[in-house]
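Residue-level listing of the chains:
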Amino acid sequence: MRVLLLIAALLPTSAGKLDIPPAWIAPTDPFPIVGPIYYVGSEGLAAYLITTPDGAILIDGTMAENVPAIERNIRAVGVPINRIKWLLNSHAHFDHAAGLARLKRDSGAKLAVMDADARAIATGRPPSVVNYGLVTFPAAPVDRVLHDGDTVTLGGITLTAVKTPGHTAGCTTWTMPVSDGKRTLNVMFPCSLTVAGNDLVDNPGYRGIVDDFRRSFARLASMQADVLLPAHPDQIGLLSRRDEAKRGNADAFVKPADLQNVVAGARRAFDAELERQRGALPH
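Residues numbered from 1 in each chain as written. Predicted model: local features only at pLDDT ≥ 70, side-chain atom pairs only at ≥ 80, totals over all residues. Heavy atoms only, no water.

Structurally, the position occupied by Ser179 is in strand β12 (residues 172-180). Put simply, Ser179 and Ala139 are 40 residues apart on the chain and 36 Å apart in space, counted from C-alpha to C-alpha. (Helix = DSSP H or I, 4+ residues; strand = E, 2+ residues; numbered from the N terminus.)

Okay, structure coming up:
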């Protein structure tokens, strides 16, 4: 039976056949966060634009269906599409990477991806076995393969790639300092920490997944972030904070406790899911 389930999990499908949350493809207006960072994604999937004097950096492409709205949002904040110089990715899943191919084609930007996710982005086929099956997405040529600690610099802005595997083998947390008046804020774009359907036991596409998750929990728990900007905005109620900012709260996005809360919650959920999966094995 387990062999049949593995075969089914490896058969490709498209995102259109999945039960996609409506918010993932619902447009929303762009909004400023802190410093040069703007939200340009959908209601349920984040894409972050970082502006510089020498062009812009975009983190995540979300789903292919969202690209026209993302491009409208980018133009709405005053950035022509051809001013995007770098595309970065949090991880190689369809809901964060499917839009990269078209965004790259439309903008001419270079795409930088963490080493362990580079093949998945370049082929559109993530290797891990998941309970919803293999969901393919448009392949995007990778211009730069990143390694843990590498940086991407443009126009005086530097982002650091922190490898936090588990959700995918190349899951990438991005960090950057932002000047905000007389203070400097540590901004983090964390990679997802959820199990998200991954097989945690005997996963032939990702043998070290359990150890990777645990190392990533420990690493992120040792870090500090003043502003946390996740790939799924509802994880921290980001759109509600947008509304707070509109009402005049200058620190609406500054929540230093977010990172530890997210890591602790993800660790608990991981432990429970690992126990469940181990208990489901035949004895």
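This part covers the environment of Ala266. Relative to the helices and strands, Ala266 resides in helix α8 (residues 258-279). The class of Ala266 is buried, set by a relative accessible area of 11%. In sequence terms Ala266 and Thr194 are 72 residues apart; their C-alpha atoms lie 6.0 Å from each other. Those residues in contact with Ala266 that sit more than four places away from it in its chain are Leu193 and Phe217. (Buried < 20%, exposed > 50% of the residue type's maximum accessible area, 1.4 Å probe, protein only. Contact = heavy atoms within 4.5 Å.)

So, on to empty space enclosed by the protein. This model, assessed by the stated rule, comprises four cavities of 30 Å³ or more. The volume enclosed by the largest cavity comes to roughly 80 Å³. In terms of lining residues, the largest cavity is bounded by His93, Phe94, Pro126, Ser128, Val130, Tyr132, Gly133, Leu134, Val135 and Asn198. A per-class count over the lining of the largest cavity returns six nonpolar, four polar and no charged. (1 Å grid on protein atoms, 1.4 Å probe; cavity = no way out; pocket = protein on both sides within 12 Å on 5 of 7 lines; lining within 4 Å. Points joined across faces, edges and corners; volume = space filled by probe spheres on them. Nonpolar A, V, L, I, M, F, W, Y, C, P; charged D, E, K, R; others polar.)

In this section: the pattern of salt bridges. Two side chains with opposite charge may pair up if their charged atoms get near one another. With the rule as written, the count across this model stands at ten salt bridges. The shortest N-O distance in the salt bridge between Arg219 and Asp148 comes to 3.0 Å. Separated by 71 residues along the polypeptide, Arg219 in helix α6 (residues 209-221) and Asp148 in the loop between β9 (144-146) and β10 (151-154) bring together distant segments of the chain. Owing to a relative accessible area of 32%, Arg219 belongs among the partly exposed residues under this scheme. By relative accessible area, Asp148 is classed as partly exposed at 40%. Across the pair Asp243 and Arg242 runs a salt bridge whose closest N-O atoms are separated by 3.1 Å. Judged by its relative accessible area of 16%, Arg242 falls in the buried class. When salt bridges that share partners are traced, they join Asp180, Arg183 and Asp251 into one network. (Salt bridge = Lys/Arg side-chain N within 4 Å of Asp/Glu carboxyl O.)

The subject of this paragraph is the confidence of the model for the protein chain. For the protein chain, the mean per-residue pLDDT works out to 93, and 94% of the residues sit at or above 70. Confidence drops under a pLDDT of 50 for residues 1-11, and excluding neighbours within four residues, the segment shows 15 contacts in the predicted structure. (pLDDT = per-residue confidence, 0-100.)

With mixed pairing, the seven strands of this open sheet are ordered in space as β2-β3-β4-β5-β6-β7-β9. Where the open sheet ends on each side, the last strands, each with one partner, are β2 (31-32) and β9. Taken together, the four bridges between strand β5 (residues 55-59) and strand β6 (residues 84-88) define a ladder with parallel strand orientation. Bridge pairing in β6 places Ala56 opposite Ile84. (Pairing = 2+ DSSP bridges.)

As a further point, take the pairing of β10. Only one face of β10 is buried: it carries Val152 and Leu154, and the other face, with Thr151 and Thr153, is open. In sequence, β10 turns back onto strand β11 (residues 157-163) through a hairpin of two residues, with Gly155 there showing a positive phi of about 55°.

Quick look at the layout of surface pockets now. By volume, the second largest pocket amounts to about 300 Å³. Lining the second largest pocket are 18 residues, with Trp24, Asp95, Tyr132, Ala196 and His232 sitting closest to its centre. Among the residues making up the lining of the second largest pocket, the classes are represented as eight nonpolar, eight polar and two charged.

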